[in-house]
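# Residue-level structure breakdown
Listed here are the chains, written in short residue letters.
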Amino acid sequence: MKDKLLNISRKHPLSIIIFTALVVRIIAMIFSKGYGFESEHFFYVETPNAWLDNIDNAGYDSPRGISLFYVSINYLIFGFFKLFGIHNPQWLMFFSRIIHGIISLTIITLGYRITKIISDKKCAVSVAWLLALLWFTPYVNVHNIAQNLTVPFLLYGTLLIVKQEKLRNELKHNNLHRSSFIIAGIFFGLAFSVWYQSILFYVGIIIALVMLRNWKGSLMSLVGFVIAICVTQTIPDLIVWGRPFVELREFLGKGSEYLFNSNAHAPWIYYSFLTLLVALIPPISFMLMFGFFKVWRKQFLLFFPTFIFLLFYTIFPNYQELYILPVIPFFIIIGMAGWYEFRNKSSFWLKHNRLERYLHAFGCFMNAVLIVTTIFMYSNKPEVKAMTYLSKNKTVNFFVINDETANDAKRPPLFYEKHWSDYIIVNQKNSNDTKIFDRDADYVIFRGTDNLGNRVEKMKVYYPNLKHEVTYKPYFAQILYKWLNNSKNDGCVSIYKVNHE
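Attention in this report is confined to the structure presented alongside it. The written sequence of each chain sets the order in which its residues are numbered from 1. Owing to the predicted nature of the model, reporting of local features is limited to residues with pLDDT of at least 70; listing and counting of side-chain atom pairs is limited to 80 or more, with chain, interface and lining totals taken over all residues. Neither water nor hydrogens contribute to the side-chain values; these are computed over all heavy atoms in the structure.

What follows deals with the overall build of the chain. Helix numbering and strand numbering both begin at the N terminus, where a helix is a DSSP run of H or I of at least 4 residues and a strand a DSSP run of E of at least 2. Looking only at helices and strands, the chain has 24 helices and 5 strands in total. The rule is simple: take the accessible area with a 1.4 Å probe, protein chains only, and divide by the maximum for that residue type; under 20% is buried, over 50% is exposed, in between is partly exposed. Among the 501 residues that make up the chain, the fraction classed as buried is 53%. Taking as baseline every contact in the chain between residues at least 6 positions apart, the subset at least 24 positions apart corresponds to 76%. Approximately 23500 Å² of the chain is accessible, and the part contributed by carbon and sulfur atoms is 63%. A contact between two residues is defined here by any heavy atoms of the two lying within 4.5 Å. Accessibility throughout is a Shrake-Rupley quantity obtained with a 1.4 Å probe, and a residue counts as covered only by protein chains that appear here.

What follows is the structure in structure tokens.
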């Protein structure tokens, strides 16, 4: 039996990798509930569901420079399931995770195919394994993260161009398929329409093609790109705003805000190249980084757009690691191809291949530890659980969120509350404003346990009959994250019912 499995893995390695990736993603689909990032939930889950439920104040009452294309896709997905009577938020998100997880498998396949063209099958298999089981990929792949959804489009567009460039340069093939560049441009346009900032990668591709003297290819690609954005930026905007290209104009009009939103005081971890070194796990990440720069000239078509993207978000770091997700597969592909090329010619590594195996084993062990934490991670569990708790009471009209340890006004995920009830948030800025308590509340929700007793007593001045119902604690990884950041809010959420008798 063992020999049979080994024979299958040798003959059909990609099938084994895809199957393994699917199993891991199924676990993430089941257990990785909630949401990790504000944009993931409030733009791409809450907004389309509010529209489906005919809620006027859906938190999207004016253009924000965020493409409605992905919002529209989610609108159709959630609308399809609601059409068949599925309205429970947890079931809706479960089916959403299934769809996103299945789509993500194309990332592995496309990464394998690109690597096989620029390197060899052995290197392609290594890339596929890394794309399949890198510790954060199963979690990211099943969630509504626009930056990740751009990856299949970027990879397929790149694959088409890499194929044509191989015919043009290595095989001296003159009968090129110009339509391939148009189709590639369409896929780059779709990627752009999912997440506008992916334009950085496409600009890099165009410049690289020009520098490689493929003017016709770059022009044909632009034709496809324009076709894609004319469709994707017209229909959704016409439906929502009554005019085409509204969100795109807003994005272009505030380009400096969206693209050059530099956080000069951002921690070092948010500088893209440093983020990669940590996220891809040393020492493997150092091997990939070395390989990435080792073959920059040989793999210029792939290297240049990836390098431009990473350089940009190193010069203009953002507080969200999500911004570099679109180019991580490209970095892995180039880095692995470069490392394999170097290692196969290095007398040191040829003599010390056991050392390399030990280094890989260490990286795999660390990756295994991390992946176990992410595939079971219930992100923002207390916030989701609190809203789910309120959803069971159909008479909820208004509730108060006490978040006096914070200066901002983090919104609650009303999608899980189902009734889209009104609420106010009490924070450091307005905690002494008595006017905000002039409405009867059904519940008071306290974020964090810091100074909780005094905060409860303070709220009893306005709502005397407060009764504790339940307290939800966050997933342990989030507890660790908040502890490392010295956050006053430990992530716990306590629900108190207001007794009106």
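Before going further, it helps to spend a moment on the pairing of strand S5 (residues 493-498). When you tally the buried positions in S5, you get 5 out of 6 residues, the bulk of the element. With 5 bridges joining them, strand S3 (residues 443-447) and S5 adopt antiparallel strand pairing. Following the sheet pairing, Tyr443 is matched in S5 by Lys497. Bridge count for strand S4 (residues 466-472) against S5 is 6 bridges, and the pairing is antiparallel. Within S5, the residue paired with His468 across the bridge is Tyr496. At least two DSSP bridges between two strands are needed for those strands to be called paired.

Attention now goes to the environment of Tyr156. If you trace the backbone, Tyr156 turns up in helix H8 (residues 146-169). For Tyr156, a relative accessible area of 27% gives the class partly exposed. In this structure, the C-alpha to C-alpha distance between Tyr156 and Ile114, residues 42 residues apart in sequence, is 9.0 Å. With near-sequence residues (within four places) excluded, Tyr156 lies in contact with Leu110, Ile183 and Phe187.

Turning our eyes to something else, we now look at the sheet that holds S4. Judged by pairing direction, the sheet is mixed, and its 5 strands sit side by side in the order S2-S1-S3-S5-S4 without closing on themselves. Each edge of the open sheet carries a strand with a single partner, namely strand S2 (422-426) and S4. Neighbour to neighbour, the strand axes of the sheet diverge by 20° on average, direction disregarded. Axes here mean lines fitted to C-alpha atoms, for a helix over just the part in contact, with angles spanning 0 to 180 degrees between N-to-C directions. Sheet contacts for helix H23 (residues 452-460): strand S1 (398-402), S3, S4 and S5; angle to S3, the most-contacted strand, approximately 155°.

Take a nonpolar patch on the surface next. For patch building, the residue pool is restricted to those with more than 30% relative accessible area and no salt bridge; the joining distance is 9 Å between like charges and 5 Å between nonpolar side chains (Val, Leu, Ile, Met, Phe, Trp, Tyr). Salt bridges are defined by distance alone: a side-chain nitrogen of Lys or Arg within 4 Å of a carboxyl oxygen of Asp or Glu. On the surface, Val223, Ile227, Val231, Ile235, Ile239 and Val240 cluster together into a nonpolar patch covering about 510 Å² of accessible area. Put simply, the parts of the chain that give the nonpolar patch at least two residues each are helix H11 (215-232) and helix H12 (235-241). In this structure, Val240 sits in helix H12.

Formed by 98 residues in total, the largest nonpolar core has its most connected members in Ile108, Phe188, Leu280 and Ile332. Sort the elements by how many residues they give to this core and H8 lands first, with 10 residues. Apart from the residues within four sequence positions on either side, Ile108 is in contact with Leu14, Ile17, Ile18, Ala21, Arg25, Ala128, Leu131 and Ala132. The term nonpolar core refers to a set of buried residues drawn from Ala, Val, Leu, Ile, Met, Phe, Trp, Tyr and Cys, joined through side-chain atoms within 4.5 Å. Formed by 29 residues, the second largest nonpolar core is a distinct cluster that contains Leu92, Tyr378, Leu390 and Val396.

Before going further, it helps to spend a moment on the environment of Asn380. Position of Asn380 among the secondary structure elements: in the loop between helix H20 (353-375) and helix H21 (381-391). For the pair Asn380 and Pro413, spaced 33 residues apart in the sequence, the C-alpha separation amounts to 9.7 Å. In this structure Asn380 touches Tyr35, Gly36, Lys410 and Gln478, once residues within four positions along its chain are discounted. Counted as a polar contact is a pair of N or O atoms within 3.5 Å, where, for protein atoms, one must be capable of donating a hydrogen and the other of accepting one, and residues adjacent in sequence contribute only when both atoms are in side chains. Separated by 2.5 Å, the side chain of Asn380 and the backbone oxygen of Tyr35 make a polar contact.

Turning our attention to H11. To estimate the expected span of a helix, count its residues, drop one, and scale the result by 1.5 Å. Taking 1.5 Å per residue, 18 residues should reach 26 Å; H11 reaches 26 Å between its end C-alpha atoms and fits that length. The complete set of buried residues in H11 reads Gly217, Ser218, Ser221, Gly224, Phe225, Ala228, Ile229 and Thr232. Along the axis of H11, the buried positions cluster into a sector of 130°, meaning they face one direction only. Residues of H11 that are exposed and point over 90 degrees away from its buried face: Trp215, Lys216 and Leu219. Those residues of H11 hidden inside the fold are in contact with helix H4 (68-83), helix H9 (178-194), helix H10 (199-211) and H12. The reported arc concerns the directions from the helix axis to the C-beta atoms and nothing else.

Scanning all chains against the criterion turns up 9 salt bridges. Put simply, Lys298 and Glu341 hold a salt bridge, and the shortest N to O gap is 2.9 Å. Remark: Glu341 occurs in helix H18 (residues 328-345) and Lys298 occurs in the loop between helix H16 (284-294) and helix H17 (300-315); sequence separation between them is 43 residues. Looking at Lys298, the relative accessible area reads 56%, which means it is exposed. Taking relative accessible area as the criterion, Glu341 reaches 21% and is therefore assigned partly exposed. Where Arg447 meets Glu383, a salt bridge forms, and the shortest distance between an N and an O atom there is 2.9 Å. Pair noted here: Arg447 is in strand S3 and Glu383 is in helix H21, with a separation of 64 residues, a long-range link. The class of Arg447 is buried, set by a relative accessible area of 2%. Among the ionic contacts, a cluster of salt bridges with common partners joins Glu383, Asp403 and Arg447.

Looking now at the packing of aromatic side chains. In this scheme Phe, Tyr and Trp rings, the latter by its six-membered ring, pair at centre separations within 6.5 Å, and the angle between planes marks the pair as stacked below 30 degrees, edge-to-face above 60, and tilted otherwise. Taken as a whole, this structure holds 48 aromatic pairs when the rule is applied. A centroid spacing of 5.3 Å and a plane angle of 10° characterise the contact between Phe303 and Phe307, whose relative ring orientation is stacked. Here the residue Phe303 and the residue Phe307 both occupy positions in helix H17, the gap between them amounting to 4 residues, near one helical turn. Among the residues examined, Phe303 registers a relative accessible area of 6% and is labelled buried. Judged by its relative accessible area of 23%, Phe307 is partly exposed. Ring geometry for Phe312 against Phe316: centres 5.0 Å apart, planes inclined by 40°, an arrangement best described as tilted. Take Phe312: its relative accessible area is 12%, and that puts it in the buried class. Using a relative accessible area of 22% as the deciding quantity, one classes Phe316 as partly exposed.

Let us now look at unusual backbone geometry. Pro282 connects to Pro283 through a cis peptide bond whose omega is 0°. Locating Pro283 in the fold gives a position in the loop between helix H15 (272-279) and H16. Although it is not a glycine, Asn380 sits at a positive phi angle of roughly 50°. Backbone geometry at Trp420 places phi at a positive 50°, although glycine is not the residue there. Here Trp420 shows up in the loop between helix H22 (414-417) and S2.

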